[in-house]
Amino acid sequence: MIGLVDCQRVDEELYDDYETAKAREKRLAKEARAHETQAKNIALGKKVKETTASKGMKGRGEASFYRVTCKDNGRGMPHDDIPNMFGRVLSGTKYGLKQTRGKFGLGAKMALIWSKMSTGLPIDISSSMKGQNYISFCRLDIDIHRNIPHLHLHEKKSNDDKWHGAEILVVIEGNWTTYRSKILHYMRQMAVITPYAQFHFRFISEASDKNVTIKFARRTDVMPPVPLETKYHPSSVDLLLIKRLIAETSKQNLLQFLQHEFVNIGKSHAERLIGEMGPDFSPKMSVKSLTDQQIVRIHQLFRQAKFDDPTGDCLSPAGEYNLRLGIIKELHPDMVATYSGSAQVFEGHPFIVEAGVSVGGKDVKHGLNIFRFANRIPLLFEQGADVVTRTALKRINWGSYKINQTQDKIGVFVSIVSTKIPFKGTGKEYIGDDINEIATAVKSAVQQCCIQLKSKIVKKMQAREQQERKRNLSKYIPDASGAVYEVLREMAQLHSLKKKRYEEEDSEILKKVSAHLITKETLRERLSEHVEQVDYEMALEYATQSGVSEEPREDVYAQTLEAKNKFMDLHSPLFVFRLAC
């Protein structure tokens, strides 16, 4: 595709993987020693690993290239906006404050730039919006120096299948072998936090035995609400943002500007703030006439004054129901607990922490397995410095919740959503441990999950102890019934010889023993019934104390309804009850 071909080497010594005669002699001697050691081990009957053929050195010029295709059935993109969306860096319009997925808003552009650097090939974009009878196709790359899209092809194609969504195709240099585990781990975490989406991942290799196909199934259609755009909180703005808001506002005077461009500032509050700013300020003064010094004064007062905290209504967390469903779907744990905290605030930005803790499961290592999410996007790297990791390792006393930190398979899931995620580092791969409000909220959410799990674990331990007690009692039934029967038989013999008299009730029992109406088997059956009765009574007492109904529970399977029906959802942390209207 780019004209890269294998050429015959003329001067071998020029190449990075050239092996000198001395180096070759040294390598062969090392291989001979290894074969000799292996032969001795085989002769002694020791287990030996199979020797693999020595690989030649891979030169820096030998690269692996991959065609990466990403396709969805989302809302698609407008035809005329595609060139700027992909071919112009920092072309976004994020002027309002809103919870957004991702980190930079540069994902597809970074892929395009890497393609340009490694292969020089353009990127192919296909997109169609719902109801459109055409598919927009665009082939472009980016003019890095001028920061403008370079269009190779931009056309409309027929959309006979009524498809809507987007498809992006890019050819890049990469290393699948090294980063395979990270890619699959990322996909699995995405499946946990978005159980309402289906992911289908395929890796197609030159060798068919190395192909990989994984499908992460969708388990619900309950989606989080769309995040709402909100105004800035006065305590969260800086000088540059205040200047930008002044430049873009349509309000004429300072009073209107404070009222309408910021959250939690009413008319009376705005008038008090203007009065506090000093004699140089008045409610009717033009906001466009503010000097730099006056803007600094506004910023200073915003930082010092007291304002009501912003609400979390603009946020869109995954939801406790979806988080629990995702954990169960992907990890299949023995038990799981989830918790969703209320909205809290740091530096004028609202945030919500959701947490889940699981015990046991499939493909889970022993010890702590930490899954971190920021605005519903997995965080893979720099885990050690993250607030979630440090909280789980240092601030949670797992033993007090009957959980063994080293031997149990523990999954810790924490999702933080906010209008501003306080990432640390240039890669935005972890959330710092230095923000007390977030650290406290994370610890509290994980502890709430652990409290739920402790209750379940204690109940499980009590049930296990009860089963063990019943097993021990049942084990001694044959010996106990045999011993009791022998005693009764001797007493019956003495009674029949009239050597000893007994009460009338006891005498009746002894007569039944003599008449073989009471035998060892009879006693064994009665003892077994008694053990069952005691076990039932203890279980009933335990169930009554813990609030569990005596009646057995049955699984209920409801058939799915047709999409044409209108639904009303009643949400609970553990389930969604759907009524057809």
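Up top is the structure.
Residues numbered from 1 in each chain as written. Predicted model: local features only at pLDDT ≥ 70, side-chain atom pairs only at ≥ 80, totals over all residues. Heavy atoms only, no water.

## Considerations on a nonpolar patch on the surface
Residues Met 568, Leu 570, Phe 577 and Leu 579 make up a contiguous nonpolar surface patch of roughly 340 Å² in combined accessible area. Elements represented by at least two residues in the nonpolar patch include exactly strand S16 (567–571) and strand S17 (576–580). A relative accessible area of 31% means that Leu 579 is categorised as partly exposed. (Patch = residues over 30% accessible without salt bridge, like charges linked within 9 Å, V, L, I, M, F, W, Y side chains within 5 Å. Areas by Shrake-Rupley, 256 points an atom, 1.4 Å probe, with all protein chains shown as cover. Salt bridge = Lys/Arg side-chain N within 4 Å of Asp/Glu carboxyl O. Helix = DSSP H or I, 4+ residues; strand = E, 2+ residues; numbered from the N terminus. Buried < 20%, exposed > 50% of the residue type's maximum accessible area, 1.4 Å probe, protein only.)

## Looking at the packing of aromatic side chains
Taken as a whole and assessed by the stated rule, the structure comprises 8 aromatic pairs. Look at Phe 371 and Phe 413: their rings are 4.5 Å apart centre to centre, the planes differ by 15°, and that puts the pair in the stacked class. Residue Phe 371 is found in strand S11 (residues 367–374), and its partner Phe 413 is found in strand S13 (residues 409–418); the two are separated by 42 residues along the sequence. The exposure classification of Phe 371 matches that of Phe 413, with both residues buried. One Lys or Arg, Lys 71, reaches over the ring of Trp 163 and ends 5.3 Å from the middle of that ring. The positively charged end of Lys 157 is found above the aromatic ring belonging to Phe 137, 4.1 Å away from the centroid. (Phe/Tyr/Trp six-rings, centres within 6.5 Å; stacked < 30°, edge-to-face > 60°. Lys NZ or Arg CZ within 6 Å of the ring centre and 35° of its normal.)

## What to know about the nonpolar core
In terms of nonpolar packing, the biggest core is built from 36 residues, with Trp 398, Val 414 and Val 446 touching the most fellow members. The biggest single contributor to this core is helix H11 (residues 436–475), with 10 residues. Dropping the residues within four chain positions of it, Val 414 is found in contact with Val 353, Glu 354, Ala 355, Phe 371, Arg 372, Phe 373, Val 388, Val 442 and Val 446. Counting residues in hydrophobic clusters, the runner-up holds 25 residues, among them Val 237, Leu 255, Ala 270 and Val 287. (Core = buried A, V, L, I, M, F, W, Y, C linked by side-chain atoms within 4.5 Å. Contact = heavy atoms within 4.5 Å.)

## Thoughts on helix H10 (residues 387–395)
Burial in H10 covers these residues: Val 387, Val 388, Thr 389, Thr 391 and Ala 392. Tucked into the core, H10 has its buried residues touching S11, S13, strand S15 (430–431) and H11. Residue Asp 386 occupies the N-cap position of H10, its side-chain oxygen lying 2.8 Å from the main-chain nitrogen of Val 388. (Polar contact = N/O pair within 3.5 Å; in protein donor to acceptor, adjacent residues only side chain to side chain.)

## A word on the environment of Leu 184
Here Leu 184 shows up in helix H4 (residues 176–193). With 30 residues separating them along the chain, Leu 184 and Ile 214 place their C-alpha atoms 8.9 Å apart. When residues no more than four places from it in sequence are discounted, the contact partners of Leu 184 are Phe 201 and Ile 214.

## Quick look at the sheet that holds strand S3 (residues 134–143)
Strand order in this open sheet of 5 strands is S1-S5-S2-S3-S4, and the pairing throughout is antiparallel. Each having just a single partner strand, strand S1 (65–72) and strand S4 (148–158) make up the two edges of the open sheet. Between one strand axis and the next, the sheet turns through 15° on average, direction left out of account. Where strand S2 (residues 123–128) lies against strand S5 (residues 165–173), 5 bridges are found, and the strand directions are antiparallel. Opposite Asp 124, over in S5, you have Leu 169 as the bridge partner. (Pairing = 2+ DSSP bridges. Axes fitted to C-alpha atoms, helices over the stretch in contact; angles between N-to-C directions.)

## Describing the side chain of Thr 119
Positionally, Thr 119 belongs in the loop between helix H3 (107–118) and S2. Overall, Thr 119 belongs to the buried group, its relative accessible area being 10%. Among the polar contacts made by the side chain of Thr 119, one reaches the main-chain carbonyl oxygen of Val 171 at a distance of 3.1 Å.

## Side note on helix H5 (residues 239–248)
Residues Leu 241, Ile 242, Leu 245 and Ile 246 constitute the buried set of H5. The buried residues of H5 occupy one face: seen down the axis, they fall within an arc of 140°. Exposed residues pointing more than 90 degrees away from the buried face of H5 are listed as Leu 240 and Ala 247. Check the buried side of H5 and you find it contacts helix H6 (254–261) and helix H8 (292–304). At the N-terminal boundary of H5, the capping side chain belongs to Asp 238, with an oxygen 3.3 Å from the backbone nitrogen of Leu 240. (Arc of directions from axis to C-beta.)

## Digging into the packing of helix H7 (residues 267–277) against H8
Each packed pair of helices is defined by two parameters, the angle between the axes and the distance between the axes. Packing of H7 against H8 brings their axes to within 10 Å, and their N-to-C directions diverge by 120°. It follows from the interaxial angle that H7 and H8 lie oblique. For the pair H7 and H8, the crossing hand works out as right-handed. Across the interface between the two elements, Leu 273, Glu 276 and Met 277 from H7 touch Arg 297, Ile 298 and Leu 301 from H8. Taken together, the residues of the contact of H7 with H8 break down into 4 nonpolar, no polar and 2 charged. (Parallel < 35°, antiparallel > 145°, perpendicular 65-115°, else oblique. Left-handed = near helix turned anticlockwise from the far one by under 90°. Nonpolar A, V, L, I, M, F, W, Y, C, P; charged D, E, K, R; others polar.)

## A short note on a positive patch on the surface
A contiguous patch of positive charge on the surface is contributed by Lys 22, Lys 26, Lys 30 and Arg 33. Position of Lys 22 relative to the elements: it lies in helix H1 (residues 21–43). (Lys, Arg positive; Asp, Glu negative; His and termini not counted. Charge placed at Lys NZ, Arg CZ, Asp CG, Glu CD.)

## Regarding the pairing of S4
Sheet analysis places S3 next to S4, joined by 10 bridges and oriented antiparallel. Directly across from Asp 141, in S4, lies its bridge partner His 150. Between S3 and the antiparallel strand that follows it, S4, lie 4 residues; Asn 147 among them carries a positive phi value of about 55°.

## Digging into the pattern of salt bridges
Across all of its chains, the model carries 11 salt bridges by this definition. Between Asp 143 and Arg 146 there is a salt bridge, with its nearest N and O atoms 3.8 Å apart. Put simply, Asp 433 and Arg 395 hold a salt bridge, and the shortest N to O gap is 2.6 Å. In this pair, Asp 433 is assigned in the loop between S15 and H11 and Arg 395 in helix H10, connecting sequence segments 38 residues apart.

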